[in-house]
Amino acid sequence: MSQTLVNLPTHQSSPGRQLAARGLVALGLLALIVGIVYIDRGAYNDSYDGSVSLIDAIYYATVTITTTGYGDITPVLPHARIINAILVTPLRIAFLVLLVGTTLEVLATQGRRIFLDSRWRKRMRNHAVVVGYGTKGRSAVQTLIDTKYSPERMVIIDGRPGVIAEANLEGFAGISGDGTRREILRRAEISKAHDVIITLDRDDSAILVTLTVRQLNPSAHIVVAVREQDNASLLRQSGADAVITSSEAVGRVVGLSTISPNLGSIIEDLLTADQGLEIAERQVSAEEVGHGPADIRDERVLGVVRNRTLRQFSDPTVAKLETGDQLVVVRHAPKSSGERKSG
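Rules behind the numbers
Residues numbered from 1 in each chain as written. Predicted model: local features only at pLDDT ≥ 70, side-chain atom pairs only at ≥ 80, totals over all residues. Heavy atoms only, no water. Helix = DSSP H or I, 4+ residues; strand = E, 2+ residues; numbered from the N terminus. Buried < 20%, exposed > 50% of the residue type's maximum accessible area, 1.4 Å probe, protein only. Contact = heavy atoms within 4.5 Å. Pairing = 2+ DSSP bridges. Axes fitted to C-alpha atoms, helices over the stretch in contact; angles between N-to-C directions. Patch = residues over 30% accessible without salt bridge, like charges linked within 9 Å, V, L, I, M, F, W, Y side chains within 5 Å. Areas by Shrake-Rupley, 256 points an atom, 1.4 Å probe, with all protein chains shown as cover. Salt bridge = Lys/Arg side-chain N within 4 Å of Asp/Glu carboxyl O. Core = buried A, V, L, I, M, F, W, Y, C linked by side-chain atoms within 4.5 Å. pLDDT = per-residue confidence, 0-100.

Caption draft 1: Examining the overall build of the protein chain more closely. Scanning the protein chain from terminus to terminus reveals 11 helices and 12 strands. Across the 343 residues that make up the protein chain, the buried fraction comes to 34%. The contacts in the protein chain between residues at least 6 apart in sequence include a share of 62% that link residues at least 24 apart.

Caption draft 2: A look at the side chain of arginine 214. By the secondary structure assignment, arginine 214 is in helix 7 (residues 203-216). Those residues in contact with arginine 214 that sit more than four places away from it in its chain are Ser219, Ala220, Ile222, Ser238, Gly239 and Asp241.

Caption draft 3: Spatial organisation of the sheet that holds strand 3 (residues 128-131). Spatial ordering of the open sheet is given by 5-4-3-6-7-8, a layout of 6 strands whose pairing is parallel. Every other strand in the sheet has two partners, leaving strand 5 (173-176) and strand 8 (242-245) as the edge strands with one partner each. With strand direction ignored, the average angle separating the axes of adjacent strands in the sheet is 15°. Of the strand pairs in this sheet, strand 7 (residues 221-226) and strand 8 are connected by 4 bridges, and their pairing is parallel. In the sheet register, valine 223 faces strand 8, and the bridge partner there is alanine 242. Against the sheet, helix 5 (residues 161-169) touches strand 4 (154-158) and strand 5, its axis set at about 170° to strand 5. Most of the contacts of helix 7 go to strand 7, to which it runs at about 175°, and overall it touches strand 3, strand 6 (195-198) and strand 7.

Caption draft 4: Here's a closer look at the sheet that holds strand 12 (residues 326-332). Taken together, the 4 strands give an open sheet; going across it, the order is 9-12-10-11, and neighbouring strands pair in antiparallel fashion. Both edges of this open sheet fall to strand 9 (277-283) and strand 11 (309-312), since each of them pairs with a single strand only. Within this sheet the neighbouring strands show an average axis-to-axis angle of 30°, counted without direction. With 7 bridges connecting them, strand 9 and strand 12 associate as antiparallel partners.

Caption draft 5: Inspection of a nonpolar patch on the surface at higher detail. The grouping of Leu96, Leu99, Val100 and Leu104 at the surface amounts to a nonpolar patch, some 310 Å² of accessible area in total. Here leucine 96 shows up in helix 3 (residues 78-123).

Caption draft 6: Structural detail: the nonpolar core. If you look at the biggest cluster of nonpolar residues, it comprises 26 residues, and the most contacted ones within it are Val129, Val131, Ile157, Val196, Ile198 and Leu235. Breaking this core down by element, the ones donating at least two residues are strand 3, strand 4, helix 6 (182-187), strand 6, helix 7, strand 7 and helix 8 (232-238). No other element matches helix 7, which puts 5 residues into this core. Non-local contacts of valine 129, meaning those with residues more than four positions away in its chain, are made with Val155, Ile157, Ala188, Ile190, Ala193, Asp195, Val196 and Ile197. In terms of nonpolar packing, the next biggest core, distinct from the first, is built from 19 residues, Val37, Tyr60, Ala61 and Ala80 among them.

Caption draft 7: Structural context of the confidence of the model for the protein chain. This prediction gives the protein chain a mean pLDDT of 83; 86% of its residues lie at or above 70. The low-confidence segment residues 1-10, where pLDDT is below 50, has 0 contacts with residues more than four positions distant or belonging to other chains. Predicted confidence for residues 336-343 stays below pLDDT 50, and this span has 1 contact to residues more than four positions away or in other chains.

Caption draft 8: Here's a closer look at the pattern of salt bridges. Counting across every chain of the model gives 13 salt bridges. For glutamate 166, the salt bridge is made with arginine 138, and the minimal N-O distance between the two is 2.7 Å. Placement of the pair is glutamate 166 in helix 5 and arginine 138 in helix 4 (residues 135-147), with a sequence separation of 28 residues. What makes arginine 138 partly exposed here is its relative accessible area of 28%. Across the pair arginine 138 and glutamate 170 runs a salt bridge whose closest N-O atoms are separated by 3.4 Å. Taken together, the positions of arginine 138 in helix 4 and glutamate 170 in the loop between helix 5 and strand 5 put the pair 32 residues apart, joining distant regions of the chain. Looking at glutamate 170, the relative accessible area reads 39%, which means it is partly exposed. Among the charged side chains, a salt-bridge network with shared partners connects Arg282, Glu288, Glu299 and Arg331.

So this is what it looks like as structure tokens:
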């Protein structure tokens, strides 16, 4: 019967610390050989003066462990040669593997990571940056994946390393750190981002992130989830293009579900992608130009965006659709790839 084991978190140290730790272990192996030779110095012969001192033991251990082997100091008694064969030689091999092999591995891994990071920065533009990967952030990311972005064009910023590890497994680039810090945002290439989504648990942090993002990228489209309605105006003044009051939105759905479970179900359906109904925005087609919003078939027009201004479908100024209009519609959600195959 197999036993399920817990996956414990691992501590990742810097390359400098890893090299320092390996250097200390190598010095320990060297000191061990020095001790073996010096304690048994009577079994060794020095061609220079015939005796082996502490300095000679250090010298012998150094040239032996590095496989230099000048041959001026040698074990002459049988037991000393056996000790060299079964103990010193494995220590010498361990030294080489530890100091040379792992050092090259650390340097190569770090170099490869720097190369990949540099290549990623050059390619990343017009992407989406999500600050905060909790429940709201995950839902926002899933919606973007279903409608607009591929995982390769999204960056997750979160202060919890475990969350970033999960985001990496899901195919997203992730940066572990405080999203209020400029250097963290710069690492996400925030200046070249097209959309920025901020879903933090604290409104004051969300305001600070919004201010910083707007300074670094004046043209980015910033959407912020705020917990308290009183802070929504502050976020808009800070540069947010859209502010969603999460607690109030949830409260409205809960209230509607209490009044009528059907209303709550419809709203939840509209907010859920790939099933039932969905809300979408699309470009008006050439065939639809000149017609009214009510003439659109298979969809229900909720609003028309003209000259970057959202107008209600009943607004007389959009009684006839024009080229360049954007339609906000309710439609049947397209079938997922799995449903299409099964159908």
